[in-house]
Amino acid sequence: MAESGGRDPTQFTLRELAQQPTEIARTLVAHPYLAVRGLARSALPSHWDLAAFVLLFGAFTLIALAFGQFNAPLATIERAGIDLHPSILPWYALRTTLRMMAAMALSLVFSLGYAYVCAYSRRAERVLIPVLDILQSVPILGFLSFTVTFFLGLFPGKVLGAELASIFAIFTSQAWNMTFSVYQSLRTVPEDLTEVSRSLRFTAWQRFRTLELPYAMPGLIWNMMMSMSGGWFFVVASEAITVGNQTITLPGIGSYVATAIEHRDLGAIGWAILAMLVVILLYDQLLFRPLIAYGERFRMDELPPAVEPESWVLRMLERSRLIQWLQTLWLGGFSRLRRTAKPVREKKPPRELPAWTAPALDLVWYSAVIACATYGSWLTVHYISSTLDWSEVLRAVELACITMLRVVVLVGLASLIWVPIGVQIGLRPRLAAVAQPLAQFLAAFPANLLFPVAVFLIVRFGLNEDVFLSPLMILGTQWYILFNVIAGASVYPRDLLDAARHLRIGGRLWWKRVLLPGILPYYVTGAMTAAGGSWNASIVAEFVDWGHTHLQAHGLGSYIAQATADGDYPRIVLGVAVMSLFVVAFNRLLWRPLYRRAERLVGLED
């Protein structure tokens, strides 16, 4: 150790040289060789820098290759078709992953903005939450039927239009559960923390950044994983776009699976499953494992976790000088931009309106909403009644009741299975580290790949389609329950668990008084999303094709699927409208009261 300056000269860094030139200059004079060697060592890239460079360069290269295809004419992908050779699967996997990542980014922005408005505006909440229920209930085929033409019209004759249509379709399978998760978290922020933010006079942005977003992080991260995994279920439909008599098949794993199913190629399906497993493991390591480890820093628990989640990617981001340099460059540019911007004058507090204006504004607002809803309903009824009679409407309602019975039974059975399992995983971090990739793969496993098994068993043993096609509805959506319960159990305060253990509370009393009240908001979010997803999945599960073999169960899903296949737009509109009404009524009568009960249990009832 050098005596001059009290520091080892080999430990000085380039940043310290810029910040403390006088002190380090004395050290350079006293120990020039050692100091120069130390500075040279600090300037050389570490293995973390090399890893960061490889990942960044590889990501930018792959994105550039994929985006380079966007300006290509549509005729090129139509001529190429879908190749079932396994060697093309890495390229297809890249294209599908980029679409899902783009949809995820769009879903994240949408969920944060939409949920914040719903949580803090009473008038907006009473309109936007039912709208979200409706959007959740609209099948992906319903979105594609009416949005593909718009996106293709933005970029006529280009692949980019079809890519945007596919990304939007994947977005509709990801955004709703994320939005419900953020909304539930914002509604259940502990009141004492909110009071502290008020006493510190936080602005709305400061409160959101330092309190509300960190509080919502655990549930949001697990729902992001579920959205990515659940999106695979709809990738098959989103990558094969039909416009009139024209079908546009985008290269990707979804279209690869659809082509393999059409040709009854079990070998190609096996290769697709292997490619999906590799992709899931990669984005688990590169994206979600770092997010979970980072999200642990926002736990509202004073006790440290029993097992700290680890991620080599997060460690690389923290230790790589290249990443730190890029971060400093970015933050420095942002700071300079903020300094050069015109200073914002302090706004005077808005003048409070008289008390009598609130009921008047409510009356105007709700009158406008009712008028718009009435007009939209009249247009829908007029369009349906102009081509269909009331017997067709009654038939659609009857089929909706059959599908609703399936949804209720399946969600109930899934809850009995996955709530105990999710609690055990959430309370045991070591188990969660092992179970998370497995759960992601199972959630990502498209039910479409089980169609061959379902068709073979039903045809081979003469089984009833109405009964044995039903499990396909819940296979892709039951994971919403598991992932949300894991998120709720993982953030459950350990001091409460320790208190229950010291008081020797166990068995049914432990579930009833200790755990279930704490995870109820998360369970409601998962169960509601699973129910909505099951309604959506009925389009695929009640109308199954495997080569030339066709099976159809009675229900509203098969009704909409058959109408879509026939190009019967009045019946498509009727089926989507009836499904939306059933889902909204179901949410109003069951899930919303459970939400309010969850708020009362955590002491946040208004």
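Conventions adopted
- Residues numbered from 1 in each chain as written.
- Predicted model: local features only at pLDDT ≥ 70, side-chain atom pairs only at ≥ 80, totals over all residues.
- Heavy atoms only, no water.
- Helix = DSSP H or I, 4+ residues; strand = E, 2+ residues; numbered from the N terminus.
- Buried < 20%, exposed > 50% of the residue type's maximum accessible area, 1.4 Å probe, protein only.
- Contact = heavy atoms within 4.5 Å.
- Areas by Shrake-Rupley, 256 points an atom, 1.4 Å probe, with all protein chains shown as cover.
- Arc of directions from axis to C-beta.
- Phe/Tyr/Trp six-rings, centres within 6.5 Å; stacked < 30°, edge-to-face > 60°.
- Lys NZ or Arg CZ within 6 Å of the ring centre and 35° of its normal.
- Patch = residues over 30% accessible without salt bridge, like charges linked within 9 Å, V, L, I, M, F, W, Y side chains within 5 Å.
- Salt bridge = Lys/Arg side-chain N within 4 Å of Asp/Glu carboxyl O.
- Polar contact = N/O pair within 3.5 Å; in protein donor to acceptor, adjacent residues only side chain to side chain.
- Axes fitted to C-alpha atoms, helices over the stretch in contact; angles between N-to-C directions.
- Parallel < 35°, antiparallel > 145°, perpendicular 65-115°, else oblique.
- Nonpolar A, V, L, I, M, F, W, Y, C, P; charged D, E, K, R; others polar.
- Core = buried A, V, L, I, M, F, W, Y, C linked by side-chain atoms within 4.5 Å.
- Left-handed = near helix turned anticlockwise from the far one by under 90°.
- pLDDT = per-residue confidence, 0-100.

A. Broad picture of the overall build of the chain. Of the regular secondary structure elements, the chain holds 26 helices and four strands. Out of the 606 residues belonging to the chain, those deemed buried represent 47%. Intrachain contacts of the chain at a sequence separation of at least 6 include 79% that bridge at least 24 residues. When the accessible area of the chain is evaluated, it comes to approximately 31400 Å², of which 67% is carbon and sulfur surface.

B. Looking closely at helix α23 (residues 494-502). For α23, the set of buried residues is Arg494, Leu497 and Ala500. Considered in projection along α23, the buried side chains sweep an arc of 120 degrees and stay on one side of the axis. Arg504 sits one or two residues past α23 and shows a positive phi near 60 degrees.

C. Region of the structure containing the packing of aromatic side chains. Inspection of the entire model under this criterion finds 16 aromatic pairs. Ring centres 5.6 Å apart and planes at 45 degrees place the aromatic pair Phe151 and Phe168 in the tilted group. One end of the pair, Phe151, is in helix α8 (residues 140-154); the other, Phe168, is in helix α9 (residues 159-187), with 17 residues separating them in the sequence. The class of Phe168 is partly exposed, set by a relative accessible area of 22%. When the ring centre of Tyr120 is taken as origin, the NZ or CZ atom of Arg207, which lies over that ring, is 5.6 Å away.

D. Quick peek at a nonpolar patch on the surface. Residues Leu55, Trp271, Leu274, Leu277, Val278, Leu281, Leu282, Leu286 and Trp312 make up a contiguous nonpolar surface patch of roughly 770 Å² in combined accessible area. Checked against the element boundaries, Trp312 lands in helix α14 (residues 312-319). Judged by relative accessible area, which is 34%, Trp312 ranks as partly exposed.

E. Quick look at the environment of Ile269. Position of Ile269 among the secondary structure elements: in helix α13 (residues 266-295). Since its relative accessible area comes to 7%, Ile269 is described here as buried. Remark: the alpha-carbon pair of Ile269 and Tyr256, spanning 13 residues in sequence, is separated by 8.3 Å.

F. Fine view of the environment of Thr188. Within the secondary structure layout, Thr188 lies in the loop between α9 and α10 (191-199). The exposure class assigned to Thr188 is buried, which follows from its relative accessible area of 7%. Separated by 2.8 Å, the side chain of Thr188 and the backbone oxygen of Gln184 make a polar contact.

G. Expanded view of the pattern of salt bridges. Counted according to the given criterion, the structure contains twelve salt bridges. The partner of Glu191 in a salt bridge is Arg198, with the nearest N and O atoms 3.4 Å apart. Using a relative accessible area of 37% as the deciding quantity, one classes Glu191 as partly exposed. Classification of Arg198 as partly exposed rests on a relative accessible area of 46%.

H. Just the packing of helix α6 (residues 89-120) against helix α7 (residues 122-137), in detail. Viewed as axis vectors pointing N to C, α6 and α7 meet at an angle of 130 degrees, and their least axial separation amounts to 6 Å. It follows that α6 is oblique to α7 by the angle criterion. Contact with α6, carried on its side by Phe110, Tyr114, Val117, Cys118 and Tyr120, involves Arg122, Ala124, Glu125, Leu128, Ile129, Val131 and Leu132 of α7 and no other residues of that element. For the contact of α6 with α7, a count of residues per class yields ten nonpolar, no polar and two charged.

I. Looking closely at the nonpolar core. Ranked by size, the top nonpolar core spans 124 residues in total, and within it Trp232, Ile253, Ile481, Phe483, Tyr523, Leu556 and Leu574 carry the most contacts. Residue contributions to this core peak at 15 residues, all from helix α24 (residues 507-541). Counting twelve residues, the second largest nonpolar core, distinct from the first, contains Leu74, Ile77, Phe151 and Ile241.

J. How the structure looks around unusual backbone geometry. In this structure, Arg201 takes a positive phi of about 60 degrees despite not being glycine. In this structure, Arg201 sits in the loop between α10 and α11 (204-238). Judged by its relative accessible area of 75%, Arg201 falls in the exposed class. One non-glycine residue, Arg504, lies in the positive phi region at around 60 degrees. By the secondary structure assignment, Arg504 is in the loop between α23 and α24.

K. Seen up close, the packing of helix α17 (residues 390-426) against α24. With their axes 9 Å apart at the nearest point, α17 and α24 run at an angle of 140 degrees to one another. Here α17 is positioned oblique relative to α24, judged by the angle of their axes. In the crossing of α17 with α24, the sense of the turn from one axis to the other is right-handed. Two secondary-structure elements touch here, α17 through Ala400, Thr403, Met404, Val407, Val411, Ser415, Val419, Pro420 and Val423 and α24 through Trp510, Trp511, Leu515, Ile519, Tyr523, Ala527, Ala530, Ala531, Ser534, Trp535 and Ser538.

L. Focus on the environment of Ala293. Among the structural elements, Ala293 can be located in helix α13. As a C-alpha pair, Ala293 and Val313 span 20 residues in sequence and 9.9 Å in three-dimensional space.

M. Structural detail: the confidence of the model for the chain. Counting all residues, the mean pLDDT for the chain is 77, and 79% of those residues have values of 70 or more. Under a pLDDT of 50 for its full length, residues 1-5 has, in the predicted model, eleven contacts with residues more than four places off or in other chains.

N. A look at the side chain of Arg99. Here Arg99 is to be found in helix α6. Within the structure, the side chain of Arg99 is placed 2.7 Å from the side chain of Glu163, a separation counted as a polar contact. Among the polar contacts made by the side chain of Arg99, one reaches the side chain of Glu239 at a distance of 2.8 Å.

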